[in-house]
Protein chains: 2
Amino acid sequence: MTEQLQTTRRVLIVDDERAIREMVCLALSSEGFRCLEASDAHKAGSLLREQRPDMILLDWMMPGISGVDFARSLRRKEETRDIPIIMLTAKVEEEDMIRGLESGADDYLTKPFSTRELVARINSLLRRTGGHAENTVLQAGSLHLDMSAHRVSCQGSVIDLGPTEYKLLRFFMENPERVYSREQVLNNVWGDHVYVEERTVDVHIRRLRKALEPFEHDQLVQTVRGAGYRFSAFR
Amino acid sequence: MTEQLQTTRRVLIVDDERAIREMVCLALSSEGFRCLEASDAHKAGSLLREQRPDMILLDWMMPGISGVDFARSLRRKEETRDIPIIMLTAKVEEEDMIRGLESGADDYLTKPFSTRELVARINSLLRRTGGHAENTVLQAGSLHLDMSAHRVSCQGSVIDLGPTEYKLLRFFMENPERVYSREQVLNNVWGDHVYVEERTVDVHIRRLRKALEPFEHDQLVQTVRGAGYRFSAFR
DNA sequence: GAATATCATGACAATATTGTTACAGTTGCA
DNA sequence: TGCAACTGTAACAATATTGTCATGATATTC
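In short, a report on the structure. (Residues numbered from 1 in each chain as written. Chains lettered and ligands numbered in written order. Predicted model: local features only at pLDDT ≥ 70, side-chain atom pairs only at ≥ 80, totals over all residues. Heavy atoms only, no water.)

Before going further, it helps to spend a moment on the packing of aromatic side chains. For the structure shown, the criterion picks out six aromatic pairs over all chains. The interplanar angle of 50° and the centroid separation of 5.5 Å between the aromatic rings of Phe171 of chain B and Phe172 of chain B together place this pair among those described as tilted. One exposure class covers both Phe171 of chain B and Phe172 of chain B, and it is buried. Put simply, the rings of Phe171, Phe172 and Tyr180 of chain A touch in pairs and so form one group of aromatic residues. (Phe/Tyr/Trp six-rings, centres within 6.5 Å; stacked < 30°, edge-to-face > 60°. Buried < 20%, exposed > 50% of the residue type's maximum accessible area, 1.4 Å probe, protein only.)

What follows is the structure, given as structure tokens:
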């Protein structure tokens, strides 16, 4: 089953050749990835901070700072350490592949490469790592939702939730202090295409509340009559 | 985690391929390690005496003396006995890994490996051993997995595991408190390329649980419905 | 306060997911 | 060669989850 709450993957491509960037972007966007382009390390840096990509495609040879140096600098910083890197190199020798990897790249690709190959590598890498899981813990009061452990707990006790309740809570904790109509909840948690009765949301809200009930005294999941539901730490 | 004050670690890399040595050196120096290179066992021997490295990366196949023999000879001498060794091997068979470990290696890595993997293993080993030591043991409650002995035990009793169950447990103990989908487990434990049914994971999980069952009362290997499996000390 | 709209709750059958076992094909080894 | 251990699959059993409905509760409006 497809995980509904997952955002589209963002891939940052850093290459000084515009043609390469365009080719990659075209290939990736048709595969459902979101593409970020940078022609040099400096632009890459700011995109990196603003957009937090899930993966980086990095040219080995760039004017100015080399891909290798850039990769190495990424590995030094805590917040970028875990982002998978695929190195792009025009050279073919074994030697170069190894140097590419040495800098901390997870994989490499030799130009010219086919888009199929590129996509295959990206997917393979994402399959192994499960993507770049940043900000893994959501918190509201004493309620914790750990995405990487896929676990919800409160005051030390684990709260057992079914898959839908988990996704529901995650959605709300990611978007607190905001009302969502049943339709919006369905679109966000169930997915756009699936059709289920709107009332179904009520039932799952109920199940979620029931699971949280023993721990939270303030009603975190609130009913907004005529509008929908809201997750809020305030009454 | 406790951050410890530590001097620069010295890592000796013994490999006849210059490219490999360079890759490793670059990767490690960017991680703050000091790197010592040797292309053969003889040079390794003198570096070993002069520099007293904290860890050795050893090629399995070298012209002249083999990595296995070299490792064994290190284990015989008092002053080198306690230096952790990671064996580098191009082979993939289980058998080879075991032979590598029997010679006294604490861990092994199959070429080609990514530098992230290498750095992760080194850090993991150093964390466990505190720099120099013989206990390369993963621990969860009373459950012990000794990598250097390739043995799992609990409360003094040895737990007999098949190769796959061992790798599975090791993977989980190295990555606890985190859910892995069946696909991710396959990619990490079986390997990226092999294709086996996802449900195969279930069966091996079952076998692993069965083997652990007599010893652990808390379910260490937990099912996360709709998401995968998780190894955790908490309920 | 009655009429009405909206939401809460519990029950239930259908479905999906996971657990468990058996078995056949391999492989290494005596 | 025969044995024993190990693997991957399929089939079936056991559970957990899901969506819907019927009915009761609560707020809103006039």
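Right, let's talk about the sheet that holds strand E12 (residues 228–231) of chain A for a bit. All names here are of chain A. The three strands are arranged E10-E12-E11 in an open sheet whose pairing can be described as antiparallel. Looking at the sheet topology across the chains shown, the edges are occupied by strand E10 (179–180) and strand E11 (221–224). Pairing between E11 and E12: four bridges, direction antiparallel. Opposite Val224, over in E12, you have Gly228 as the bridge partner. Against the sheet, helix H8 (residues 199–212) touches E11 and E12, its axis set at about 145° to E11. (Pairing = 2+ DSSP bridges. Helix = DSSP H or I, 4+ residues; strand = E, 2+ residues; numbered from the N terminus. Contact = heavy atoms within 4.5 Å. Axes fitted to C-alpha atoms, helices over the stretch in contact; angles between N-to-C directions.)

Leu143, Ile159, Leu169, Phe172 and Phe231 of chain B are the most contacted members of the largest nonpolar core, which totals 29 residues. If one sorts the elements of this core by residue count, helix H6 (residues 163–174) of chain B sits on top with six residues. Counting residues in each nonpolar core, the second largest holds 28 residues, with Leu138, Leu169, Met173 and Val221 of chain A among its members. (Core = buried A, V, L, I, M, F, W, Y, C linked by side-chain atoms within 4.5 Å.)

Here the focus is the protein's contact with DNA strand C. Surveying the vicinity of DNA strand C reveals 27 residues, the closest of which are Arg206 and Thr223 of chain A together with Arg182, Arg206 and Tyr229 of chain B. Of everything in DNA strand C that lies within 4 Å of the protein, sugar and phosphate atoms constitute 71%. Contacts to DNA strand C include Tyr229 of chain A, whose side-chain N or O atom sits 2.6 Å from a phosphate oxygen. Within the side chain of Thr223 of chain B, one N or O atom sits 2.6 Å away from a phosphate oxygen of DNA strand C. When contributions to the surface near DNA strand C are tallied by element, the ones reaching two or more residues are H8 and E11 of chain A together with helix H8 (199–212) and strand E11 (221–224) of chain B. (Near = heavy atom within 4 Å. Polar contact = N/O pair within 3.5 Å; in protein donor to acceptor, adjacent residues only side chain to side chain.)

Residues and elements named next belong to chain B. For H8, which comprises 14 residues, the first-to-last C-alpha distance of 20 Å matches the rise-based estimate of 20 Å (1.5 Å per residue) to within 8%. Those residues of H8 not exposed but buried are Val201, Asp202, His204, Ile205, Leu208, Ala211 and Leu212. Elements that come into contact with the buried residues of H8 comprise strand E7 (143–146), strand E9 (157–159), H6, helix H7 (182–190), E11 and strand E12 (228–231). (Expected span 1.5 Å × (residues − 1).)

The next point concerns the protein's contact with DNA strand D. Surrounding DNA strand D, one finds 23 residues, the nearest of these being Thr164, Glu197, His204 and Arg207 of chain A together with Thr164 of chain B. A distance of 2.7 Å is found between a phosphate oxygen of DNA strand D and a side-chain nitrogen or oxygen belonging to Thr200 of chain A. Take Arg207 of chain A: an N or O atom from its side chain is 2.6 Å from a base oxygen of DNA strand D. Sorting the residues of the surface near DNA strand D by element identifies helix H6 (163–174) and H8 of chain A together with H6 and H8 of chain B as the ones contributing at least two each. When the residues that make up the surface near DNA strand D are grouped by side-chain class, the tally is eight nonpolar, seven polar and eight charged. (Nonpolar A, V, L, I, M, F, W, Y, C, P; charged D, E, K, R; others polar.)

Residues and elements named next belong to chain B. At a minimum axis distance of 10 Å, the contact between H6 and H8 shows a crossing angle of 85°. Regarding the angle of H6 to H8, the classification is roughly perpendicular. The residues of H8 that touch H6, namely those facing Thr164, Glu165, Leu168, Leu169 and Phe172, are His204, Ile205, Arg207, Leu208 and Leu212. Of the residues in the contact of H6 with H8, the class split is six nonpolar, two polar and two charged. (Parallel < 35°, antiparallel > 145°, perpendicular 65-115°, else oblique.)

On their own, these measurements won't tell you what the molecule is for.
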